[in-house]
Structures are given as structure tokens and as C-alpha cells.
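Report on the structure
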Amino acid sequence: MLCLGIETSCDETAFALVENGRRLIASKLVSQTEVHRAFGGVVPEVAARRHLEAFNPLLDELLLEASGVLALPASEVLSAVSAIACTNGPGLIGTLLVGLAGAKAMAWALDKPLLTVDHIQAHVCANYIGTELEPPFIALVVSGGHTQIMHFKSYKEFEIVGQTIDDASGEAYDKVARILGLGYPGGPAVDRLASQGNPQAYSFPEGQVPGYDFSFSGLKTAVMRTVENPRSGLVAADVAASFQDAVNRVLFRKTVQCAKAYGVDRIVLAGGVAANSDLRSRFEKLALAEGFKIFRPPIALCTDNAAMVASAAFFSGNEADLSVGAYSRR
Ligand code: KG4
Ligand code: ZN
């Protein structure tokens, strides 16, 4: 099954072709980061318009790239596609609708099935690409909008075991980056700066939430207070490193606890924050020390992309009719 994936849930327009959920044939993406940087965050209406402008030219680029791999003329690639897959939530409603309308038009014109995909499940499915990962596993999904521990019993069946009760972990990274004047998007900037700082310099509190849930809003406030009223000279790299340590410590501890409690030896990382170098290295060390099998996508498949959408369509997509809508929250 050759799936065309379409992703427009936030500020990345992306197309990809994936065969049988695992083999990446071609992938194209345009990021709007530069457009939104001046505003310090994504402006939904601007993002939707940009998706609309990017849609057709980017699709043409994808078909050209795929034609080389499939040894077909670009004009015949779409006929070789088995299904059109699209994220229909959660995300920004205006941007989702651009991708979904495009997907519906293509499904109708080509007379192919339309498969809708949940964005969070798609992040997890990025781990199937180029690997032999199979359920059961525990997934830690950490993105700009979500922080969840999920137990995947099978490809389609999962339960949310824990989640944030306030800010998402990526949101915390972005807010702390803003407090430190590192600009947007914040996660990669904090990651870079933290590598030069001392994670023990400041003791920022972990949110005290029972079970496998998380809280990051108190941590953000603690960072703000420290930056506003430094007891001595402020070293931004130390603040970044101490903040990153507080976030990653709790993400790591609860995920491992959960895997042990569920008797699962496979742990999967997903979402933009799974690109964080310190978080990745914590799990890599665990794999060596305790024999867990750790899966984490290459950096380009951690943040939003369409390959994960095409993969998710294969493993857990829902066949939809042309009246299907988009949703901003699950
Ligand atoms: O999954 P994603 O691309 O979009 C959402 O679905 O939200 O995640 C974006 C989030 C942003 O908050 C960004 O700051 C964060 O992922 N991020 C990182 C890193 N790279 C991206 N956070 C920490 N360290 C990174 N290296
Ligand atoms: Zn995402």
C-alpha cells in the first residue's frame, strides 16, 4: 500500500509517500518558522494562508522526487497511490482545514480512499518508518501541544496512561526560551544553550503530580522568578541547563516507571521535544544499562512531518467520507 500523507496541523506544510507504513519513498516540507518568528509564536490565520500558497507547488515537488524513486513519470505517481491520508486533528482548525480540503479534493478527483489520522498517534508512528518496531510498547509523546504517556497494546489499541495537567513540555521549552530572550522556536535554542550550562546550578521544582501525569507551569514560573530576581549574576546557560534537567528528569522517570509497571521492554519517544539531545541521551543510557529497547525517530521525523501521517494511515487510519471534519482538540 502506497500512502500519500498530508500534514498541515500547525506551521509545517508537508507531503510524503510511504509504502506499507515503513518505507519512506519521498518527503517534502516547508516550514513557516521565519514567518512567525516576528510574532514570537504561530499566528493561526497567517499559517493557514501560507499552507494554501505552499500546497500545490510542494505537491509537485514531491511527485517529482517520487518519480525518481518509483521509476514512473511524475504525472503517473498519483495513480500509483493507494490512499490519500491527512491529519484532521488535533491542531489549529484553520490550518487543518486547508490540508483536509486538499486531501478530499484529491481523493474525490482520483477516486481513492481518504484516510484521516490523529496527529498525536502520527507522531508515535514516525517510529515505524525504517524500523521493525511492533507493539506492545510505551510511548512518551512530547510536543508543543501535548505531553502524554501512552500504552500501545496493538497498532490500533492504545490507552493514555498519563498526561500534563497544564502546559505541554514543548510549550514550557518555548516559554523559557522567551524568558531567556532566545527567540522562537525555543526548544532547539534551549537545547543548544543548555549543553554549555550546569544543570545543578539552580534547583527548579518538579511539578508534584501523582501517577504518570505531569505539570510544567510551576517550573516555568520558577524560571521566571529566578531570571527576574537573580540572587547573584545570572548565567543563562545554567538556567537553561537546570530547567532542561527538571523537565527531562520527570519525563524520563515516569516513562521508565510506567514501562516497568506494564512489563513492557520497548520505549518509544515521539514529538518535537523527542529531538532534545539530553532527553535522547538519558534514554540511550537506559537502554545500555537496563536492556530496554529504545526507539526515537531521526530529528526530522520528531517534529511535524507528513511521513508519520502516511505511516499512521497504514497502521491506524480511519477511512472517512468527504463530509469528515477537522477538530482542534481531542
Ligand atoms: O511535534 P512538534 O513539531 O509540533 C507539535 O505538534 O506541537 O513540536 C514542536 C515543539 C516546540 O515546542 C519546540 O520548541 C519543541 O518541539 N522542540 C524541542 C526541540 N526541538 C523542537 N524541544 C526541546 N529540545 C529540542 N531540541
Ligand atoms: Zn506535532
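Residues numbered from 1 in each chain as written. Chains lettered and ligands numbered in written order. Predicted model: local features only at pLDDT ≥ 70, side-chain atom pairs only at ≥ 80, totals over all residues. Heavy atoms only, no water.

**Brief notes about the sheet that holds strand E1 (residues 2–7)**
Worth spelling out the cut-off: Being paired, for any two strands, means DSSP has found at least two bridges between them. Strands are runs of DSSP state E lasting at least two residues, helices are runs of H or I lasting at least four, and both sets are numbered from the N terminus onward. Note on geometry: axes are C-alpha line fits, over the in-contact stretch for helices, and angles between N-to-C directions span 0 to 180 degrees. In this description, contact between two residues means that some pair of their heavy atoms is separated by no more than 4.5 Å.
Pairing is mixed in the open sheet, where six strands are placed in the order E3-E2-E1-E4-E5-E11. Each edge of the sheet is formed by a strand with only one pairing partner; in this case those strands are strand E3 (23–31) and strand E11 (318–320). The mean inter-strand angle of the sheet, taken between neighbouring strand axes irrespective of direction, is 25°. Two strands pair when backbone bridges link them, and E1 and strand E2 (residues 12–19) are joined in this way by six bridges, in the antiparallel orientation. Residue Gly5 lies in a different strand from E2, and its bridge partner there is Ala16. Strands E1, E2, E3, strand E4 (83–89), strand E5 (114–118) and E11 of the sheet are contacted by helix H12 (residues 307–316), whose axis makes an angle of about 125° with E1.

**A look at the site of ligand 1**
The condition that has to hold: Proximity is defined per residue: any heavy atom of the residue falling within 4 Å of a molecule or strand makes that residue near it. Contacts described as polar in this section are N or O atom pairs within 3.5 Å, which, within protein, must combine one atom able to donate a hydrogen with one able to accept it, while residues neighboring in sequence count only if both atoms come from side chains. Using a 1.4 Å probe, the Shrake-Rupley method yields the accessible areas, and only the shown protein chains count as cover for residues. All amino acids are sorted into three groups, where Ala, Val, Leu, Ile, Met, Phe, Trp, Tyr, Cys and Pro are nonpolar, Asp, Glu, Lys and Arg are charged, and the leftover types, Gly among them, are polar.
Around ligand 1, 18 residues are found, and the nearest of them are His123, Gly144, Asp174, Gly187 and Asp191. Here an oxygen atom of ligand 1 sits 3.1 Å away from a polar atom, N or O, in the main chain of Gly170. Between ligand 1 and Asp174 there is a distance of 2.6 Å, counted from an oxygen atom to a side-chain nitrogen or oxygen. In isolation ligand 1 offers 560 Å² of accessible surface; the protein chains occlude 88% of this area. Those elements that place two or more of their residues in the shell around ligand 1 are helix H5 (119–125), helix H6 (169–179) and helix H7 (186–194). Per-class residue counts for the shell around ligand 1 are four nonpolar, 11 polar and three charged.

**Let's talk about H12**
How we decide: Working definition: with a 1.4 Å probe on protein chains only, accessible area under 20% of the residue-type maximum means buried, over 50% means exposed, and in between means partly exposed.
Among the 10 residues that make up H12, nine are buried, leaving the element largely enclosed by the rest of the structure. Within H12 the residues assigned to the buried category are Ala307, Met308, Val309, Ala310, Ser311, Ala312, Ala313, Phe315 and Ser316.

**A closer look at the coordination of the zinc ion (ligand 2)**
This is how it is decided: Only nitrogen, oxygen and sulfur atoms within 2.8 Å of the metal, or 3.2 Å for Na, K and Ca, are treated as donors, and water is left out, so sites may look incomplete. Only four donors with every angle between 85 and 135 degrees are called tetrahedral; only four or six donors with opposite donors over 155 degrees apart and all others between 65 and 115 are called square planar or octahedral, in that order; all others are irregular.
Only His119 (NE2), His123 (NE2) and Asp304 (OD) from the protein reach the zinc ion (ligand 2) as donors, at distances of 2.0 to 2.1 Å. Note that the zinc ion (ligand 2) binds four donor atoms; their angles at the metal cover 97 to 132°, and the shape is tetrahedral. Each donor residue of the zinc ion (ligand 2) lies on the same chain, and together they follow the pattern H-x3-H-x180-D. Of the two residues, His123 sits in helix H5 while Asp304 sits in the loop between helix H11 (299–302) and H12, which places them 181 residues apart along the sequence. In terms of burial, His123 and Asp304 fall into one category: buried.

**Let's talk about the UniProt feature "binding site: Fe cation" (unreviewed entry) in the chain**
Quick note on the threshold: UniProt positions are given in the numbering used here, feature names are shortened, and annotations may be inferred rather than shown by experiment.
Under the local residue numbering, the UniProt record ascribes the feature "binding site: Fe cation" (unreviewed entry) to His119, His123 and Asp304. These annotated residues cover 186 residues of sequence, but their C-alpha atoms sit close together, with the largest distance between any two at 8.9 Å. For His119, the location among the structural elements is in helix H5. For His119, a relative accessible area of 6% puts it in the buried group. Excluding residues within four positions of it along the chain, His119 makes contact with Glu7, Ser9, Thr87, Gly89, Pro90, Asp304 and Met308. In contact with His123, not counting residues within four places along its chain, are Val141, Ala270, Gly271, Gly272, Cys302, Thr303, Asp304 and Met308.

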